[in-house]
Amino acid sequence: MGRVHLEAVQRVESVEAAAIFGRNDDATARLAAAFSVPQATSDYRKLLHDQTIDAVDICTPNAQHFSMAKEALQAGKHVLCEKPLTTTVAEAEELVALAARSKLRNGVCHNLRYYPQVQQMRALREAGELGEILVVQGTYSQDWLLYDTDWNWRVDAKAAGASRAMADIGSHFFDMAEHVTGLRVSSLCADLQTFHKTRKQPKGSVETFANKMMSPEDYVETPVDTEDFGAVVFRMGDRTRGAMTASQVSAGRKNGLSIEIYGSKASVAWNQERPDELWVGHRDTGNSIFVKDPSLLTGKARGYADLPGGHSEGYDDTFKQVFRRFYASISATDSIEYPQFADGLRQMVILDSVLASSAARKWVEVPSPKK
Ligand SMILES: NC(=O)c1ccc[n+]([C@@H]2O[C@H](COP(=O)([O-])OP(=O)(O)OC[C@H]3O[C@@H](n4cnc5c(N)ncnc54)[C@H](O)[C@@H]3O)[C@@H](O)[C@H]2O)c1
């Protein structure tokens, strides 16, 4: 994500990357040189004391987020943090409170909301075109942790938190489901599964998606305590029902995030791997595939498409949309239109409920966000 974030920063008008912090001096210096960033350091506090730096962008493994974000806020920096915001609800609550007290901008990268067609689904729902939302369903499926020889820090609860598939990718689904429908998950019943009770951990460190070339003599057999797969049945209030899965062991699925929303008047379905296409379903007339074109998008959704129809807008562009709004908000006083720490906390609350439900094998209530 470091590279993805740097590229996004360089595409945004109102920000300049002043320094890069990393734990490996050589790698950090190489990255800084490649992106013409003037400073590279392995001393995080040095950056926090630098008065010329306004904001900190955190894209380290999950367990680092809390302390890095907390220290940055305490040093008076605005903070944009990767998801999941923290590894516990208590930590996320502390960050939300600290950000509110210090009146600093705080963003969390639930960036997948900002595909133009996801905004289109939201705009259609807001315009009443879908009617009452009856059913929300979908999946986020990947295959990169299918084999027991696949390893990443996400496998280790100490680095990633107690949940893996649900925290890493399921959180994107729930953020999107709540953002698009405007409804809140109110109760759920979850079933988590760890297919590989042990995995072959490489003796050296590996970065995400970079482990495919390792050979077997380099591994240590390591117990695994995070889930490969999760299935969740959920309610959004009294009437709306939903079901989703998150999987990192689904052969052939790369970033298969799909969401289907069935309303009393019409339905919409969208798949991240074909981001410019939105399926719109009707009972009494023909279904259609609406291809992204800024001039045809509804209302506010237009503001999330920068390219003409026929030119794809993909994953990288979702970061651009978040970063543009986050960094502009540092000097602007108008409304904030990006996911904030409160949204990160919301996902931690849902995750906590998922873990509790699966452990107890029963339905649990999901606390509502505080007003
Ligand atoms: N929003 C999204 O779509 C999205 C996608 C992928 C990852 N993420 C999130 O981004 C974060 C990073 O994931 P990734 O896939 O880039 O991981 P990664 O393993 O590819 O990269 C992590 C980087 O952090 C560095 N690092 C680790 N510990 C450190 C420490 N203590 N201090 C400084 N640097 C440290 C590593 O050297 C590495 O360069 C995670 O929180 C993940 O959930 C978000």
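Residues numbered from 1 in each chain as written. Predicted model: local features only at pLDDT ≥ 70, side-chain atom pairs only at ≥ 80, totals over all residues.

With that out of the way, let us pick up helix α5 (residues 89–102). In a regular helix each residue adds 1.5 Å, so 14 residues correspond to 20 Å; α5 covers 20 Å between its end C-alpha atoms and thus fits that length. Taken from the residues just after α5, K103 is the one with a positive phi, measuring 55°. (Helix = DSSP H or I, 4+ residues; strand = E, 2+ residues; numbered from the N terminus. Expected span 1.5 Å × (residues − 1).)

Turning our attention to the environment of S295. Summarising the element assignment, S295 is placed in the loop between β15 (288–291) and α9 (315–331). Spatially, the C-alpha atom of S295 lies 25 Å from that of P339, the residues being 44 residues apart in sequence.

Here the domain parsing of the chain yields domain 1 (2–111) and domain 2 (132–264 + 340–360). Distance between the C-alpha centres of domain 1 and domain 2: 24 Å. Across the boundary between the two partners, domain 1 contributes 19 residues, which contact 19 residues of domain 2. Among the elements that take part in the side of domain 1 that touches domain 2, α5 stands out by supplying 6 residues, more than any other. Here the residues of the side of domain 1 that touches domain 2 are counted per class, giving 10 nonpolar, 7 polar and 2 charged. (Domains from an automatic or database assignment. Contact = placed C-beta atoms within 7 Å. Nonpolar A, V, L, I, M, F, W, Y, C, P; charged D, E, K, R; others polar.)

This part covers the packing of helix α1 (residues 2–11) against α9. Between α1 and α9, the least distance of the axes is 9 Å, while the angle of their chain directions is 55°. On the basis of their axis angle, the class for α1 and α9 is oblique. Viewed along their axes, α1 and α9 form a crossing whose handedness is right-handed. The segment α1 lies against α9, with V4, H5, E7, A8, V9 and R11 engaging D316, F319, K320 and F323. The residue makeup of the contact of α1 with α9, split by class, is 5 nonpolar, 1 polar and 4 charged. (Axes fitted to C-alpha atoms, helices over the stretch in contact; angles between N-to-C directions. Parallel < 35°, antiparallel > 145°, perpendicular 65-115°, else oblique. Left-handed = near helix turned anticlockwise from the far one by under 90°.)

Turning our eyes to something else, we now look at the sheet that holds strand β3 (residues 55–58). Sheet strands pair by backbone hydrogen bonding; their relative direction is either parallel or antiparallel. Pairing in this open sheet of 3 strands is parallel, and the strands run β3-β4-β5 from one edge to the other. Sheet topology places β3 and β5 (106–108) at the edges, where each strand pairs with a single neighbour. Averaged over all pairs of adjacent strands, the angle between strand axes in this sheet comes to 10°, irrespective of strand direction. The pairing of β3 with strand β4 (residues 78–81) spans 4 bridges and is classified as parallel. Its bridge partner being in β4, A55 is matched across the sheet by H78. (Pairing = 2+ DSSP bridges.)

The next point concerns the sheet that holds strand β12 (residues 256–263). Pairing is mixed across the open sheet formed by 9 strands, whose spatial order is β15-β14-β13-β12-β6-β11-β10-β7-β16. Whereas interior strands pair on both sides, the edge strands pair on one side only; in this sheet they are β15 and β16 (364–365). Bridging between strand β6 (residues 133–141) and strand β11 (residues 240–247) involves 7 bridges; their strand directions are parallel. By the bridge assignment for β11, T139 is matched with T245. Across the sheet, helix α10 (residues 341–360) is in contact with β7 (187–193), β10 (229–236) and β16; its angle to β7 comes to roughly 70°.

Glancing now at unusual backbone geometry. The omega torsion of the bond from K83 to P84 falls at -15°, within 30 degrees of zero and hence cis. You can see P84 is positioned in the loop between β4 and α5. A positive phi angle is found at K103, which is not glycine, with a value near 55°. The topology assignment puts K103 in the loop between α5 and β5. Phi angles above zero are rare outside glycine, and R361 is one such case at about 55°.

The next thing to look at is the nonpolar core. With 76 residues, the main nonpolar core has V79 and F173 as its most contacted residues. Top contributing element to this core by residue count: helix α8 (residues 165–181), with 9 residues. Not counting residues up to four positions away in its chain, the partners in contact with V79 are A55, V56, I58, A69, A72, L73, L104 and N106. (Core = buried A, V, L, I, M, F, W, Y, C linked by C-beta atoms within 7 Å. Buried ≥ 20, exposed ≤ 12 C-beta atoms within 10 Å, placed from the backbone.)

Right, let's talk about the pairing of β15 for a bit. Of the pairings in the sheet, the one linking strand β14 (residues 277–281) to β15 comprises 4 bridges and is antiparallel in character. If you follow V280 over to β15, its bridge partner there is S288. From the end of β14 to the start of β15, which pair antiparallel, there are 6 residues.

This part covers the pairing of β11. Taken together, the 8 bridges between β10 and β11 define a ladder with antiparallel strand orientation. In the sheet register, G230 faces β11, and the bridge partner there is A246. Between β10 and β11, which follow one another and run antiparallel, lie 3 residues, and G237 among them has a positive phi close to 75°.

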